[in-house]
Amino acid sequence: MATKQLLISASVEITDILMAELGEIGFDIFEDLDSGIAAYCPAALYDADQAQEIIDRYRFLGSIDVVYNDIEKENWNAVWETNYDPIRISNEVHIRASFHETDESFPLEIIINPKMSFGTGHHQTTALMVEALLEINLTNKTVLDAGTGTGILAFVACKRGALRVHGFDIDSWAVENSIENAGLNDCTSVTFSLGNIRDEDATVYDVLIANINRNILLDELEEYAKRIRSGGYLFLSGFYTSDVSLLAEAASLHGLTLQVQSEKEQWACLRLLKA
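Residues numbered from 1 in each chain as written. Predicted model: local features only at pLDDT ≥ 70, side-chain atom pairs only at ≥ 80, totals over all residues. Heavy atoms only, no water.

(A) Looking closely at the packing of helix α1 (residues 12-22) against helix α2 (residues 48-57). At a closest axis distance of 10 Å, the pairing of α1 and α2 adopts a crossing angle of 150 degrees. In terms of orientation, α1 lies roughly antiparallel with respect to α2. Here α1 runs over α2; the crossing is right-handed. Counting all contacts with α1, which are made through Leu18, Glu21 and Leu22, the residues of α2 involved are Ala51, Ile54, Ile55 and Arg57. Partitioning the contact of α1 with α2 into residue classes produces five nonpolar, no polar and two charged. (Axes fitted to C-alpha atoms, helices over the stretch in contact; angles between N-to-C directions. Helix = DSSP H or I, 4+ residues; strand = E, 2+ residues; numbered from the N terminus. Parallel < 35°, antiparallel > 145°, perpendicular 65-115°, else oblique. Left-handed = near helix turned anticlockwise from the far one by under 90°. Contact = heavy atoms within 4.5 Å. Nonpolar A, V, L, I, M, F, W, Y, C, P; charged D, E, K, R; others polar.)

Following this line, the structure appears as structure tokens:
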């Protein structure tokens, strides 16, 4: 599946607004750049008129320059391999592609060949979520990974002793990629499915992890809460620190209490406890 990429050069104040607005019309991946952001939308969902209307609506706030690119799925690997270096998180986790050498000095190693999927560990939110998962005992726990992408967070949970791990994504290419990555990580017991949280059955989990974006998280919080047992955890990321109070307040309406907040370069990660 092809993807539309928008390279947006603007101030942080403007890009924050644009991410929220573009997230409402199908853009589901945002990447920080030195000059602004890169926004990605599946080509099948991309509406050029809507995107242009949103960008033009906020030009009064300051300069906005946009470069529009089409990225074919077969080109994605080449893009990532050019910029994909191994990642080391908290001296505990080594994340690499299959073309990198292993590093046995790390207790935990995850192999990710990303293809078209988001979540290699390079983005601040993925690293924050990995760090957050290292802080709790996952032995014999059940884990649901919402918006699994490459499956990276599901594999961290699996390798840290989770009893059952299931991930899902709205992108069929991501599901295919996560299944392939499961084989690379000896995590074939991890299951993956196509869809969103509302397509999932009523199974209740010990831990639910969702690294998506603010608008989707706000929309789906009630569904997350229904699938977490009392005393279980919800981990959220994919949003800026300026959105923490909004998400924490919304989560509290569903019996979820903020326990721990972490941040990295203005991105935030929350651990919430289900009453």
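After that view of the structure, there is still more to cover.
(B) View of empty space enclosed by the protein. In this structure the tally under the stated criterion is one cavity of 30 Å³ or more. The volume enclosed by the largest cavity comes to roughly 30 Å³. Lining the largest cavity, in full, are Ala132, Glu135, Phe235, Val260, Ser262, Cys269, Leu270 and Arg271. Looking at the lining of the largest cavity, the elements with two or more residues in it are β13 (256-264) and β14 (267-274). Tallying contributions element by element places β14 first for the lining of the largest cavity, with three residues. (1 Å grid on protein atoms, 1.4 Å probe; cavity = no way out; pocket = protein on both sides within 12 Å on 5 of 7 lines; lining within 4 Å. Points joined across faces, edges and corners; volume = space filled by probe spheres on them.)

(C) Highlighting the sheet that holds β14. Taken in spatial order, the seven strands make up an open sheet running β10-β9-β8-β11-β12-β14-β13, and their pairing is mixed. Sheet topology places β10 (191-194) and β13 at the edges, where each strand pairs with a single neighbour. Neighbour-to-neighbour, the strand axes of the sheet open up by a mean angle of 15 degrees, direction not taken into account. In terms of strand pairing, strand β8 (residues 142-146) meets strand β9 (residues 164-169) through five bridges, oriented parallel. Following the sheet pairing, alanine 146 is matched in β9 by phenylalanine 168. (Pairing = 2+ DSSP bridges.)

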